[in-house]
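The lines below spell out each chain.
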Amino acid sequence: MRPEIPLLLSLSLSLSSLLHPANPACVPRNSSPTYPYLSSPSSSPRPSPARGPSPTPASSPSTTPTPSPAEEPSPSPVSSPSLPPTPSPSPFSSPSATPASSTRSSGLQDAIEGMCKHTDHPELCLSSISSLLPAFGTVDARTLLALEMKACQSHTELARAQAAKLVDDGSAPSSASILQSCAENYEDALNDLAAAAKALAEGDKGTLNVMLSALLDDYGTCEDGFAEMPGTSPMASYDDTLTKLASNCLALAELIKF
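Please read these numbers as outputs of a predicted model, since none were measured by experiment. Chains are numbered independently. Their residues run from 1 in the order of the written sequence. The predicted nature of this model means local features are confined to residues of pLDDT at least 70 and side-chain atom pairs, given and counted, to a pLDDT of 80 or more, with totals for whole chains, interfaces and linings taken over all residues. To get the side-chain values, take all heavy atoms of the structure and skip hydrogens and water.

Caption draft 1: How the structure looks around helix H5 (residues 176–202). Here a helix means four or more residues in a row that DSSP labels H or I, a strand means two or more in a row labelled E, and each is numbered from the N terminus. Helices are assigned an expected span. That span is 1.5 Å times one less than the residue count. Taking 1.5 Å per residue as the helical rise, H5 with its 27 residues ought to reach 39 Å, and the 40 Å between its terminal C-alpha atoms agrees with that figure. Backbone geometry just downstream of H5 places Gly203 in the positive-phi region, at approximately 75°.

Written out as structure tokens, the structure reads:
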């Protein structure tokens, strides 16, 4: 071989390596070289934000929409506890409603108590007519006597009904005849009270006193029939009350000026 041939090959290979490098540097596509000495904050490329759901812009207090009245929930009414219905005030029980009538009622009570003190049984005098008193007005001795006589009449009717009941049911066969007499005496007392009421209306004081005194005999006769009978009279409590009422009637009649 000729000595100039290897030299030519070596030169040829060196020239090829310069012209055609074996491993060219790979430059990424779409990439541009970085030049730090030329970059500035304003010229630097901004990174693209990551794709995702768009954030909801914060609502400013001034731009917050005010709900319309129709959208606002109406407050539920507070139910107040049922209250029971209030009763109408009575003119008799309300001290501020009729002060004059209250004074008059107090005066009426004082007048009645003053007259009942003249009787032998003032407490019975008051209690027997308490339900018969008028709500207003004045009561004199004549009116009070009429009321006491009415109370005596009501108690006499109760006694007569009780005596008749004992006779009918046969609970006291040994005293049946006496009870029958008592029923008749009570009937007589009712007639005497009617005559006394007529005499009071006519202003006949004499007849009034006679009829009222007869009441004491009517009630006393009933009890006399049981005097010889053993035990207590079944009409004792009735006759005791009736005798006291008749006594009060006589005392009240003495207060009347005819």
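After that view of the structure, there is still more to cover.
Caption draft 2: Focus on the environment of Thr143. In this structure, Thr143 sits in helix H4 (residues 141–169). Residues adjacent in sequence count toward polar contacts only when both atoms are side-chain atoms; beyond that, a polar contact is any pair of N or O atoms within 3.5 Å, and within protein one must be able to donate a hydrogen and the other to accept it. A polar side-chain atom of Thr143 sits 2.8 Å from a polar atom in the side chain of Asp140.

Caption draft 3: Structural detail: H4. Between its terminal C-alpha atoms H4 stretches 42 Å, which fits the 42 Å expected from 29 residues at 1.5 Å a residue. Using a 1.4 Å probe on the protein chains alone, a residue whose accessible area is under 20% of its type maximum counts as buried, one over 50% counts as exposed, and one in between counts as partly exposed. Those residues of H4 that sit buried are Ala141, Leu144, Leu145, Leu147, Glu148, Met149, Ala151, Cys152, Thr156, Ala159, Ala163 and Leu166. Residue Gly170 follows H4 closely and has a positive phi angle near 70°.

Caption draft 4: Looking closely at the nonpolar core. The criterion is simple. A nonpolar core is a set of buried Ala, Val, Leu, Ile, Met, Phe, Trp, Tyr and Cys residues joined through side-chain atoms within 4.5 Å. Judged by nonpolar contacts, the single largest core of 43 residues is most densely connected at Leu145, Tyr186, Leu212 and Tyr219. Put simply, the parts of the chain that give this core at least two residues each are helix H2 (99–116), helix H3 (122–129), H4, H5, helix H6 (205–224) and helix H7 (236–253). Residue contributions to this core peak at 10 residues, all from H5. Contact between two residues is taken to exist if any of their heavy atoms lie within 4.5 Å; hydrogens are not considered. Excluding residues within four positions of it along the chain, Leu145 makes contact with Leu200, Leu208, Leu212, Cys249, Leu252, Ala253 and Ile256.

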